Structures are given as structure tokens and as C-alpha cells.
Amino acid sequence: MQQRIVITGAPGTGKTSIIKNLEASSYFCYHEVIRDFTLEATKDSEDTTFVSNPLTFVKDPFEFNTKILKGRIDQYLQSQQQDESTIFFDRAIPDVLAYMDFFNQKYSPDFIEACEKYRYNTVFLLPPWEEIYVSDNERFESFDEAKQIHYHLEKTYRAYQYNVELVPFGPVKERIDFILNSI
């Protein structure tokens, strides 16, 4: 049976480093889809002010979130075609709803249906870690906002009946060992 494993957490928690290291160790990994969408949305913007919500750069936030949802569903469907027994995802479908809740945005029933239909085996949540947190051109949130996003992520995954494993702070190798030993 194929294991679909989610690595999630607020921005700046070390998800990408874990995914890249898992991939370097020959695990099959799907990368975060939103970074490319955010870069695409902001490149044509004339707004040069720093904001926490990348949705301020898009004309239609609902359409932007729908695009992210579709990208994550596509990753899930592609994973079904893989011969790999263990597949890691840098974020997953429920993350879309968690972020929409954080930004107080409404979503249609198809968002909920996607969370119910496309299920993952295990969810690892990385807590906010101030010592490694850095804002950049694709990460707009402050550390305080990252803590709030963490709350919404945990709440959303638990609402969809996932057992959420909190990954302890530590070097990337120790965090990966924790994840691999847990699965």
C-alpha cells in the first residue's frame, strides 16, 4: 500500500529543507505549488510595499486559491500513478482551507469535498521556530502570523480527522529521522 505523507507547517518552519533532503535520499517528493503561483502573481504587480498576504497581488483571491487547490489535487492524482511506496508532499489539500481560514476567506463546498475525498496517510506538522524564520520574496508573513497559521493548520487537519504528528525542533537530519522512524 502506498503511503502519502504530508510535511506541513507555517512559513519558515523548515519544510522545504526536509523535503529537499528526503529527495536527496531518493524519496519521491512533491514540492510546494504556491511559491510559483505567488511569484507569478507578484511579478506584474506595481505594489512595492511589503504585505503579509500574497492575495493582495491577485485580482481574484478565490481564483488564486482554486488554482492552488487544483495544483494540490493534481499532485495527489499524479501520486497514484507512482510506483513508489512512500511519497512525501510539501503541503497538501487541507492547507488551502487552513490559509483561507487564516485570511478569513470563504470557500465553496468543492474545497471541503477535496479534503474529504483525497486522503493522506500521515501528517507531520512543523511548529513555528523563530531561530530559523526568515521572510523573503515569496514568504510574506511575519513570525507572529506564522504562529497563527500554525494554529489554523493544526485545527484544519484535526477537523478532517488526521492524527497530526508534531515534529520537534532540531537539525534537519534529526527531524527527518523523527519522521522516518514514525512511519
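Just above, that's the structure.
Presented here is a report on the structure given in the accompanying data block.

### A look at the packing of aromatic side chains
So, step 1. Scanning all chains against the criterion turns up 12 aromatic pairs.
So, step 2. Arranged with centres 5.3 Å apart and planes meeting at 90°, the rings of Tyr 76 and Tyr 120 form a pair that is edge-to-face. With Tyr 76 in helix H3 (residues 61-79) and Tyr 120 in the loop between helix H5 (109-117) and strand S4 (122-126), this pair connects stretches of sequence that are 44 residues apart. Grouping residues by exposure puts Tyr 76 and Tyr 120 together as buried.
So, step 3. Taking the centre distance of 6.4 Å and the plane angle of 80° together, the rings of Phe 124 and Phe 178 count as edge-to-face. Placement of Phe 124 in strand S4 and of Phe 178 in helix H7 (residues 172-182) is noted, with a sequence separation of 54 residues between them.
So, step 4. An aromatic cluster of three or more residues is present, and its members are Phe 28, Tyr 30, Tyr 76, Phe 89, Tyr 118 and Tyr 120.
So, step 5. The aromatic ring of Tyr 76 is capped on one face by Arg 4, whose charged end is 4.7 Å from the ring centroid.
So, step 6. The ring of Tyr 162 has Arg 119 sitting right over it, with the charged end atom 4.0 Å from the ring centre.

### Observations regarding the pattern of salt bridges
So, step 1. Evaluated as defined, the whole model comprises seven salt bridges.
So, step 2. One salt bridge in this structure joins Asp 95 and Arg 91, with 2.8 Å as the shortest N-O distance. Of the two residues, Asp 95 and Arg 91, both sit in the buried class.
So, step 3. Connected through shared salt-bridge partners, Glu 32, Arg 72, Arg 91 and Asp 95 make up one network.

### Notes on the pairing of strand S3 (residues 86-90)
So, step 1. When you tally the buried positions in S3, you get five out of five residues, the bulk of the element.
So, step 2. With burial as the criterion, each face of S3 is covered, one bearing Thr 86, Phe 88 and Asp 90 and the other bearing Ile 87 and Phe 89.
So, step 3. As paired elements, strand S1 (residues 3-9) and S3 share five bridges and run parallel to each other. Of the residues in S3, the one forming a bridge with Gln 3 is Thr 86.

### Side note on the nonpolar core
So, step 1. With 35 residues, the main nonpolar core has Leu 69, Ile 93, Val 96, Tyr 120, Leu 153, Tyr 157 and Tyr 162 as its most contacted residues.
So, step 2. Counting residues per element, the ones that place at least two in this core are H3, S3, helix H4 (93-102), H5, S4 and helix H6 (143-159).
So, step 3. Per-element tally for this core: the top contributor is H4, with seven residues.
So, step 4. Judged by nonpolar contacts, the second largest core, of 12 residues, contains Ile 7, Ile 18, Leu 22 and Ile 176.

### Quick look at the packing of H4 against H5
If you want to describe how two helices pack, look at the angle between their axes and the distance between the axes.
So, step 1. Axis separation between H4 and H5 bottoms out at 8 Å; the angle between their running directions is 140°. Overall, the two elements H4 and H5 adopt an arrangement that is oblique. As H4 packs across H5, the resulting crossing turns out to be left-handed. Mapping the contact onto sequence places Ile 93, Pro 94, Val 96, Leu 97 and Met 100 in H4 and Phe 111, Ile 112, Ala 114 and Cys 115 in H5.
So, step 2. In the contact of H4 with H5, the residues fall into nine nonpolar, no polar and no charged.

### Some points on H6
So, step 1. Compared with an ideal rise of 1.5 Å per residue, which puts 17 residues at 24 Å, H6 spans 24 Å between its outermost C-alpha atoms and is within 8% of the ideal.
So, step 2. Within H6, the full set of buried residues consists of Phe 143, Glu 145, Ala 146, Ile 149, His 150, His 152, Leu 153, Thr 156 and Tyr 157.
So, step 3. Tucked into the core, H6 has its buried residues touching S1, H4, S4 and strand S5 (164-166).
So, step 4. Once H6 ends, the next one or two residues include Gln 161, with phi positive near 65°.

The rules we used
Residues numbered from 1 in each chain as written. Predicted model: local features only at pLDDT ≥ 70, side-chain atom pairs only at ≥ 80, totals over all residues. Heavy atoms only, no water. Phe/Tyr/Trp six-rings, centres within 6.5 Å; stacked < 30°, edge-to-face > 60°. Helix = DSSP H or I, 4+ residues; strand = E, 2+ residues; numbered from the N terminus. Buried < 20%, exposed > 50% of the residue type's maximum accessible area, 1.4 Å probe, protein only. Lys NZ or Arg CZ within 6 Å of the ring centre and 35° of its normal. Salt bridge = Lys/Arg side-chain N within 4 Å of Asp/Glu carboxyl O. Pairing = 2+ DSSP bridges. Core = buried A, V, L, I, M, F, W, Y, C linked by side-chain atoms within 4.5 Å. Axes fitted to C-alpha atoms, helices over the stretch in contact; angles between N-to-C directions. Parallel < 35°, antiparallel > 145°, perpendicular 65-115°, else oblique. Left-handed = near helix turned anticlockwise from the far one by under 90°. Contact = heavy atoms within 4.5 Å. Nonpolar A, V, L, I, M, F, W, Y, C, P; charged D, E, K, R; others polar. Expected span 1.5 Å × (residues − 1).

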